[in-house]
Each structure stands twice: as structure tokens, then as C-alpha cells.
Amino acid sequence: MSGHKLLLSELKLWTSGRSRWRGRLHAGFSGRGKFFSSYSPKVCIVGSGPAGFYTAQHLIKTRQDVQVDIYERLPVPFGLVRFGVAPDHPEVKNVINTFTQTAKNSRCSFYGNVNVGKDVSVSELQQSYHAVVLSYGAEGNRSIGVPGENLAGVYSAKDFVGWYNGLPSCRELSPDLSCETAVILGQGNVALDVARILLSPVDILQKTDITQPALEALAESLVRRVLIVGRRGPMQVACTVKEVREMVNLPRTKPEMMAADFEGVKEAIKDLPRSRKRLTELMLKTALEMPGEVEQGRRSQASRIWGFRFFRSPVEVLADPDHNRVAGIRLAVNKLEGSGDGARAVLTGEVEDVTCGLVISSIGYKSLPIDPLVPFDSRKAIVPNSIGRVEQATGLYCSGWLKTGPTGVIATTMNNSFDTARTLMEDMDSGALDVSAAKPGSQSISALLEKKGVKAVTFSDWEKIDNVEMSRGEASGKPREKLLTVEEMLQVARK
Ligand code: FAD
Ligand code: NAP
């Protein structure tokens, strides 16, 4: 049976009210007098972080016929905007307003509490939708791979951030903050977020949406010195100027840098690209220049210290005499080979030990495979793709960190997600993606989930959670007090 005949017979079923599949039918005569008809293309998206929402937004905005369903593992949407972005950066979370508009579009539905790969497979989604976009982010982390990394007192930044931001799986982390010095490995913006949260005065944090248990632990914290360690030099740091400036201006703290790390930097600065130049100038000024009177006064009142350590790679996390928990870290001293962003850290053979009671490894997140049938490049930890088209898998697309690897701010993720949406629409238009036959979409997936006892959370269910969180927050002068367990979220959603 041709796709055309199928559609006409479905038209009869639909008009007689017996159609099993709720879908919009588009039928009419094209400019050349030919009859055309097609059901609305049904696209499903896995993951409701920025990638999921921006892909959905672009599809819905550009094509008036497309329907999008977003499946999310947690009962709450927005991915790292909720569970990654630092609590003291509320302005970044404004993107949630745009995502909410998308979720409320009549052609978009949200199904939270659905773990794709476990509750439903990707191939089951493919049978029910014309296209599946994987946007499930990077939920693993790169490990430092050195002896001692499993000692008590060593944490990944991913878990530490998840803990202070209320990610249910990190609730039990309860990091031990009873030491004076903490070492953070890695010099990206996540490392700076963690350093800032560790050192921020509690009177600042208590006005944010940081979780209450984290706030209480930080209020009791004995951490007074945070060293942010990088394997390369000041001209290679991965963090950005705004975040370094926040450290420089952090109340009640002062910087502690090593002048030797900045040898030759002043001379090289003029040839740097603009943003790298501004960042390096700020670090150079902080490390080498005598501060003015006001700043001197501020620094003399400081009770906490932060500093970058450059040209150092972790070799071993050192244990206390009982071999129970971290007591220090052995760092290899490096030199650089080459210059600029591409310079490589090379061991000098020298090592140095730093005493510390807390090590937080912040060397990057990592995507994980969720379904054995989906192509996955284990070396790059991404789904192999060409502009979002998953290689050798018709009808399968990817966007966000799963597509590119775990770098890029929300705006970068937005652009790469728009690209994926464009690719998908090009494939619909060219016929590379067959949308001529009707697909059941969420109806068949809902039936399948029901059989497994999985009850999805809708967007209006999420809004109940949102309201409860905001009113709990209001009581304590915070923008929200997050619910910390999936059970509690589901309880509120079901009310
Ligand atoms: P995510 O945001 O991780 O979204 C993935 C979603 O998929 C999640 O909701 C997850 O629960 C869901 N999911 C996972 N597995 C499954 C599954 N099996 N089934 C269904 N759903 C699943 N950028 C900025 O511009 N400003 C900032 O201040 C900023 N701060 C950051 C702080 C941290 C700690 C981190 C790590 C990143 C930060 N970023 C920031 C970067 C920004 O968060 C990312 O660019 C963006 O979140 C990537 O979007 P994504 O949708 O690919 O992944
Ligand atoms: P990142 O920016 O890629 O930084 C990773 C850091 O880890 C780098 O310093 C890197 O050093 C180091 N590293 C990697 N592998 C290492 C190894 N094996 N040994 C030692 N060091 C190693 O990653 P991120 O900090 O996780 O941030 C992820 C993305 O989110 C970034 O794009 C970031 O800008 C964004 N983000 C933005 C904000 C914000 O806008 N405020 C906040 C948080 C995150 P090398 O350079 O030597 O590899």
C-alpha cells in the first residue's frame, strides 16, 4: 500500500472518530493541483535541559505542523540550569522562562519521570515517532585516574555541584568540610563555581536557592583556603574573566598566587586574542601588582584565601596514617611544550606535596551510553553525528553536550541545538526522513509505560512542584527551597 493510500484510509478513520492515534491531519491541494496529505510529524526529544528545550523551540517555531514530546528522567525539567548553574547566578536561570513558553505550546508535551534506556528503549521511541532527538547531556564525569582517588574526602565536582544544587542522587554526599585547605583539580568555570561556593559568606548564599542542608554544612565549614590547580599555565586556563573577577571581588577573601607561575606572561600578553588578553591581564594584576589602599584594607580583613596553582598535575591522593581519608595530594610539576591554547603540559620529573583534607576533581563531565543499540563513540564520549544526524541511524538525531562533548555555555548549546533542529527539518523536506505515514507518538509510549507502572509527570504537575518550592523558599527569604527526593517530587506532583 502506498503511503498516500494509507493516509486517505486513515483520513476516513479519523473523520469517523475511530482513529486510535490523536494527530493533526494536514490535507489539501498543492499549488500544482496535486492532492497532498500528511499527519503532523511527531518528534520526541530525550532530555529536558537547554539542548532539549532549544531543539523543541526551533522545531515548533519553524514548522507549524510538527508535534514535540520531551521525555525527562527526573520529575523536574531544565537539566543543568536547575542542577548545575551556581545558586548565586540567578540571572542565568532566566532561560527557564523561555523553556516554559515552549513547554506550554499546544504542540509540545513534557513527560517527566521517564528514564529512557530503562523505562522505554530508544527503539520503542523510534517505532512511535518519526524522529528521536537524543539530548540527554553528560551525566558522568572524567576521573583523574590516580592512586588514592577513592579515598574519603575526594569528590567529583559533578557530585559536589549536584549536592549543593539539590540533585536527588547527590543528596547523601554530605561532604566533610572539616579541613582547612581544599584542592580543586581543573581550572574551568565549574572549578571556579565550586571554589566560590566553598568560600562565599553564608549571608550571601542564604539568599539563593542553594539547598538548606548545603547551606548548613557550609555555615559549619572549616575550609579557609582553596587552591585551584591546573596542569598548564595562566594563558591556558579554561575559565572566563567574569568568573575570575567574581573570585577577586569575593567578600572576606584574598588571593594567593605564585609570582613564578607568571614568568614571561607580561611579554606575551599583547599577542593574545581579546578575551584571553583581558583574562590574563586580570590574573597578572591579581598575582603581581601591589593593590591600592582600599583593596589592601579589604585584603587585610580577609579570613579566607583562594589561589591558582599552575603547571601541576595530580599524581597521587595521599592518605592519612590510618589510610582512611585524604591528607594531601602529590602534584607533578610540569613545563609547557608549544604555546597558546594548544600548548602541552610535559612532566619535569619534579613533584611536590600539598597538605589538604578535601580534593574536588573538576576536569570535565562525560556523556554515557543509555541504550546499547544507539551508536556511541566511547573515546570521545559522544554520539557520533554529522550536524546532529546520528551516524548510521536514520531518524535518530542528537543535540547539546551529548552531541559536542561537555563544553560550552547555554548560548553555545542553544546554537548547536538549533543546528540539529535545522538538520532534522532538512531531512523531512528532502524525504530523507519519512514522515508520510502516521505514527502513534505518546499514545503508544504512555500505554507501554503504564504496563510497567511508570507514571509520567506532566508540565502542569511540574508547576505544582515549582509552586511548593517557591512558597517554601519565600518563608526563609530564598527564591525557592528545592524538593530533594524524587519521592517527594512525585508526591507533590500527584496531589
Ligand atoms: P543537560 O543540561 O545536562 O540536560 C540533560 C537532561 O537530560 C537532564 O535534564 C537529564 O536529567 C536528562 N536525562 C539524562 N539521562 C536521561 C535519560 N536516560 N532519559 C531521559 N532524560 C535523561 N552555562 C552558562 O551559560 N552559564 C552558567 O552559569 C553555567 N553554569 C554551569 C555550571 C555547571 C556546574 C555546569 C556543569 C555547566 C554550566 N553551564 C553554564 C553550561 C550549561 O549548563 C550547558 O551548556 C547545558 O546545560 C548543556 O545542556 P544539555 O541539554 O546538553 O545537558
Ligand atoms: P572545562 O571548561 O573543559 O575545564 C576543564 C578543566 O579540567 C580544564 O582546566 C582542563 O585543563 C582540566 N583537565 C581536563 N582533563 C584533565 C586531566 N586529565 N588532568 C588535569 N586537568 C585536566 O570544563 P568545566 O569546567 O567542567 O565546564 C564545562 C562547560 O560549562 C564549560 O564550557 C564552561 O564554560 C561551562 N560553564 C560555564 C559557567 C559560567 O558561564 N559561569 C559555569 C560553569 C560551567 P586543560 O585545559 O589543560 O585540558
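Residues numbered from 1 in each chain as written. Chains lettered and ligands numbered in written order. Predicted model: local features only at pLDDT ≥ 70, side-chain atom pairs only at ≥ 80, totals over all residues. Heavy atoms only, no water.

Engineer: Looking at this model, I keep getting lost on the overall build of the protein chain. Mind explaining?
Structural biologist: If you tally the helices and strands in the protein chain, you get 18 helices and 20 strands. Since a compact globule built from 495 residues should have a radius of gyration of about 23 Å, the 26 Å found for the protein chain is in line with a globular shape. Projected onto its principal axes, the C-alpha coordinates of the protein chain cover approximately 80 × 50 × 45 Å. Per-residue burial for the protein chain yields a buried fraction of 53% across its 495 residues. Taken as a whole, the protein chain presents about 23,100 Å² of accessible surface, with 52% of it coming from carbon and sulfur. Within the protein chain, one finds 63 positive and 55 negative side-chain charges whose respective centroids are separated by 7 Å. (Helix = DSSP H or I, 4+ residues; strand = E, 2+ residues; numbered from the N terminus. Rg over C-alpha atoms; globule rule 2.2 N^0.38 Å. Buried < 20%, exposed > 50% of the residue type's maximum accessible area, 1.4 Å probe, protein only. Areas by Shrake-Rupley, 256 points an atom, 1.4 Å probe, with all protein chains shown as cover. Lys, Arg positive; Asp, Glu negative; His and termini not counted. Charge placed at Lys NZ, Arg CZ, Asp CG, Glu CD.)

Engineer: So what exactly am I meant to see when it comes to the site of ligand 2 here?
Structural biologist: Of all residues adjacent to ligand 2, which total 19 residues, the nearest are Gln 187, Arg 231, Arg 232, Glu 243 and Gly 408. Between ligand 2 and Arg 231 there is a distance of 2.8 Å, counted from an oxygen atom to a side-chain nitrogen or oxygen. For ligand 2, a nitrogen atom lies 2.8 Å from a polar atom in the side chain of Glu 243. With the chains in place, 77% of the 920 Å² that ligand 2 exposes on its own is no longer accessible. Taken together, the residues that form the shell around ligand 2 break down as six nonpolar, eight polar and five charged. Each of domain 1 (13-139 + 367-457) and domain 2 (142-364) gives at least three residues to the shell around ligand 2. (Near = heavy atom within 4 Å. Polar contact = N/O pair within 3.5 Å; in protein donor to acceptor, adjacent residues only side chain to side chain. Nonpolar A, V, L, I, M, F, W, Y, C, P; charged D, E, K, R; others polar. Domains from an automatic or database assignment.)

Engineer: Even after reading the chapter, I still don't get the domain arrangement of the protein chain, so can you show me in this structure?
Structural biologist: Quite often, the size of an interface is put as the accessible area lost when its parts meet. The domains assigned to the protein chain are domain 1 (13-139 + 367-457) and domain 2 (142-364). Relative placement of domain 1 and domain 2: their C-alpha centres are 37 Å apart. Taken together, the 13 residues of domain 1 in the interface contact 18 residues of domain 2. Taken together, both faces of the contact between domain 1 and domain 2 bury some 1,200 Å²; the carbon and sulfur share is 55%. On the domain 1 side of the contact with domain 2, Phe 83, Pro 87 and Asp 88 bury the most area, a combined 47% of that side's loss. (Contact = heavy atoms within 4.5 Å. Buried area = accessible area lost by both parts, 1.4 Å probe.)

Engineer: Where do I start with the packing of helix α7 (residues 189-199) against helix α10 (residues 241-248) in this structure?
Structural biologist: Two elements in contact, α7 and α10, have axes whose closest approach is 10 Å; the angle formed by their N-to-C orientations is 20°. On the basis of the axis angle, α7 is roughly parallel to α10. Our pair here, α7 against α10, has a crossing hand that is left-handed. Where α7 abuts α10, its residues Asn 189, Leu 192, Ala 195, Arg 196 and Leu 199 lie against Glu 243, Val 244, Glu 246 and Met 247. Residues of the contact of α7 with α10, tallied by class, amount to five nonpolar, one polar and three charged. (Axes fitted to C-alpha atoms, helices over the stretch in contact; angles between N-to-C directions. Parallel < 35°, antiparallel > 145°, perpendicular 65-115°, else oblique. Left-handed = near helix turned anticlockwise from the far one by under 90°.)

Engineer: What's the story with the environment of Cys 239 in this structure? I'm lost.
Structural biologist: Relative to the helices and strands, Cys 239 resides in the loop between β10 (225-229) and α10. Between the C-alpha atoms of Cys 239 and Lys 482, which are 243 residues apart in sequence, the distance is 28 Å. Residues in contact with Cys 239, not counting those within four places in the same chain, are Gln 187, Gly 188, Asn 189, Leu 192, Val 244, Leu 279 and Phe 308.

Engineer: Explain the packing of helix α6 (residues 157-165) against α7 to me, please; I cannot follow it from the model alone.
Structural biologist: Helix-helix packing: each pair is described by the crossing angle between the helix axes and the interaxial distance. Two elements in contact, α6 and α7, have axes separated by 10 Å at closest approach and are oriented at 50°. As the angle between them shows, α6 and α7 are arranged oblique. Pair α6 / α7 crosses with left-handed handedness. Within the contact between the two elements, α6 uses Ala 157, Phe 160, Val 161 and Tyr 164 and α7 uses Val 190, Asp 193, Val 194, Ile 197 and Leu 198. Residues belonging to the contact of α6 with α7 are distributed by class as follows: eight nonpolar, no polar and one charged.

Engineer: Quick question: what am I supposed to make of the site of ligand 1 here?
Structural biologist: Close to ligand 1 lie 33 residues, the nearest being Glu 72, Trp 401, Gly 408, Ile 410 and Thr 413. Note that an oxygen atom of ligand 1 is positioned 2.9 Å from one of the backbone N or O atoms of Ala 51. Within the side chain of Thr 413, a nitrogen or oxygen atom sits 2.9 Å from an oxygen atom of ligand 1. Contact with the protein chains hides 92% of the accessible area of ligand 1, taken as 1,000 Å² for the molecule alone. Listing elements by their share of the shell around ligand 1, those giving two or more residues are α2 (50-62), α7 and α15 (410-430). For the shell around ligand 1, a count of residues per class yields 18 nonpolar, eleven polar and four charged.

Engineer: What's the story with the pairing of β10 in this structure? I'm lost.
Structural biologist: The side chains of a regular strand alternate, residue by residue, between the two faces of the sheet. The element β10 is largely enclosed, with a buried count of four among its five residues. The sheet contact formed by strand β9 (residues 181-185) and β10 spans five bridges and is parallel. Paired with Ala 182 across the two strands is Val 226, which belongs to β10. Across five bridges, the pairing between β10 and strand β12 (residues 304-309) is parallel. The residue of β12 that forms the bridge with Leu 227 is Gly 307. (Pairing = 2+ DSSP bridges.)

Engineer: Where do I start with the confidence of the model for the protein chain in this structure?
Structural biologist: When pLDDT drops low, the exact placement of atoms in the prediction is not to be read closely. On average, residues of the protein chain carry a pLDDT of 92, and 92% of them reach 70 or more. Counting contacts from residues 1-24, a segment whose pLDDT is below 50, to residues more than four positions away or on other chains yields 36 contacts. (pLDDT = per-residue confidence, 0-100.)

Engineer: Can you help me understand the pattern of salt bridges in this one?
Structural biologist: If the charged atoms of two oppositely charged side chains come close together, the side chains can form a pair. Overall, the coordinates contain 32 salt bridges when judged by the stated rule. Of the charged contacts, one joins Glu 295 and Arg 299 as a salt bridge, the two residues approaching to 2.8 Å between their closest N and O atoms. Of this pair, Glu 295 and Arg 299 are both found in helix α13 (residues 293-300), four residues apart, which corresponds to roughly one turn of the helix. The exposure class of Arg 299 is buried, given its relative accessible area of 17%. Here the salt bridges do not stand alone but share partners, grouping Arg 82, Asp 466, Glu 469 and Arg 480 into one network. (Salt bridge = Lys/Arg side-chain N within 4 Å of Asp/Glu carboxyl O.)

Engineer: Can you help me understand the nonpolar core in this one?
Structural biologist: Nonpolar side chains in soluble globular proteins tend to be buried together. By size, the foremost hydrophobic cluster in this structure holds 95 residues, and its most contacted members are Val 43, Leu 198 and Phe 308. Residue contributions to this core peak at seven residues, all from α7. Per-domain counts for this core show at least three residues from each of domain 1 (13-139 + 367-457) and domain 2 (142-364). Leave out the neighbours within four places in its chain, and Leu 198 touches Phe 160, Leu 177, Ala 182, Leu 218, Val 226, Arg 304, Leu 358 and Ile 360. In terms of nonpolar packing, the next biggest core, distinct from the first, is built from 23 residues, Val 122, Leu 125, Val 374 and Ile 445 among them. (Core = buried A, V, L, I, M, F, W, Y, C linked by side-chain atoms within 4.5 Å.)

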